[in-house]
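One-letter residues, chain by chain:
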Amino acid sequence: DGGTTGGAAARPEHVFTVRDRAGLVAALALGDQPKIIRVATRIDLSVDDTGRPMGFEEVRDPQFDPAAFLREYDPKTWGRKNPEGPLEEARKRSAQRQADRVLIRIPSNTTVVGIAPGAGFVHGSLMLAKVSNVILRHLHISDAYDHFPAWDPKDNASGEWNSEYDNISLRGATHVW
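Residues numbered from 1 in each chain as written. Predicted model: local features only at pLDDT ≥ 70, side-chain atom pairs only at ≥ 80, totals over all residues. Heavy atoms only, no water.

**Brief notes about the overall build of the protein**
Working step 1: Of regular secondary structure, the protein possesses 5 helices and 13 strands.
Working step 2: C-alpha atoms of the protein, sized along the principal axes, occupy 60 × 40 × 25 Å.
Working step 3: Looking at the 177 residues of the protein, the share that counts as buried comes to 40%.
Working step 4: Summarising the internal contacts of the protein: among those between residues at least 6 apart in sequence, 65% fall at separations of at least 24.
Working step 5: Carbon and sulfur atoms provide 50% of the accessible area of the protein, an area that totals close to 9,600 Å².
Working step 6: Averaging the locations of the 22 positively and 24 negatively charged side chains of the protein gives two centres separated by 3 Å. (Helix = DSSP H or I, 4+ residues; strand = E, 2+ residues; numbered from the N terminus. Buried < 20%, exposed > 50% of the residue type's maximum accessible area, 1.4 Å probe, protein only. Contact = heavy atoms within 4.5 Å. Areas by Shrake-Rupley, 256 points an atom, 1.4 Å probe, with all protein chains shown as cover. Lys, Arg positive; Asp, Glu negative; His and termini not counted. Charge placed at Lys NZ, Arg CZ, Asp CG, Glu CD.)

This is the structure:
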């Protein structure tokens, strides 16, 4: 099928060297136009637009109380049904706020390459969904963390917490190297 070329056809003005989340997001804004993104350092993906770290408290919906959630949906009292109600809705809103920060969508025709030792991403997830022709190379990616995992009481014999994030996720992606 012609191989995987990523952003090899990028015009010179579409070759970016990024050092922070804002620079990465700006480079990705080209959409499917060929681009090469050179990552020069370790980039924390869980920061706000000014570079300030955003942890649990910064993305938590004010109505979400983790201790109350655990009490409310304890399988001993709640049973083996899916969580529903105000606390679950607050958890979902919190999860969406976190996803809006840490989930980075990589478009088609993109090369993302680390150009320094340890260059890559921390505290986030790269999503390649329904894209084609992407190269990810020489990147150190770690610590994708879900602050608001979903409780599935029917997963396994006694239920499981299901985290949303992997360091890299491919869903319907083709020609990825």
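**A few points about the packing of aromatic side chains**
Working step 1: With the rule as written, the count across this model stands at 7 aromatic pairs.
Working step 2: Ring centres of F64 and F69 lie 5.7 Å apart, and the angle between their planes is 55 degrees; this geometry places the pair in the tilted category. You'll find F64 and F69 in the same group, each marked buried.
Working step 3: Ring-pair connections join several aromatic residues into one group, and the members of that group are F56, F64, F69, Y73, W78, F148, W151 and W161.
Working step 4: Its guanidinium or amino end placed over the ring of W78, K81 lies 4.4 Å from that ring's centre, counting from NZ or CZ. (Phe/Tyr/Trp six-rings, centres within 6.5 Å; stacked < 30°, edge-to-face > 60°. Lys NZ or Arg CZ within 6 Å of the ring centre and 35° of its normal.)

**A closer look at the pairing of strand β8 (residues 132-137)**
Working step 1: Where strand β5 (residues 110-114) lies against β8, 4 bridges are found, and the strand directions are parallel. By the bridge assignment, V112 is partnered in β8 with L136.
Working step 2: Pairing analysis gives 2 bridges linking β8 to strand β13 (residues 174-176), with the strands arranged parallel. Bridging from a neighbouring strand, S132 pairs with T174 of β13. (Pairing = 2+ DSSP bridges.)

**Some words on helix α5 (residues 86-102)**
Working step 1: Here α5 is 17 residues long and its end C-alpha atoms lie 24 Å apart, about the 24 Å a rise of 1.5 Å per residue gives.
Working step 2: Turning to α5, its buried residues are L87, E88, A90, R91, S94, A95, Q98, A99, R101 and V102.
Working step 3: Packed against the buried residues of α5 are α1 (21-28), α2 (56-59), α3 (66-72), β4 (103-105), β7 (125-129) and β10 (150-152). (Expected span 1.5 Å × (residues − 1).)

**A closer look at the sheet that holds strand β3 (residues 42-44)**
As a general point, the strands of a sheet are linked pairwise by backbone hydrogen bonds and lie either parallel or antiparallel.
Working step 1: Pairing in this open sheet of 3 strands is parallel, and the strands run β3-β6-β9 from one edge to the other. Of all strands in the sheet, those with a lone pairing partner are β3 and β9 (140-142), marking the two edges. With strand direction ignored, the average angle separating the axes of adjacent strands in the sheet is 25 degrees.
Working step 2: Pairing geometry for strand β6 (residues 120-122) and β9, over 3 bridges, is parallel. For G120, the partnering residue across the bridge sits in β9 and is H140. (Axes fitted to C-alpha atoms, helices over the stretch in contact; angles between N-to-C directions.)

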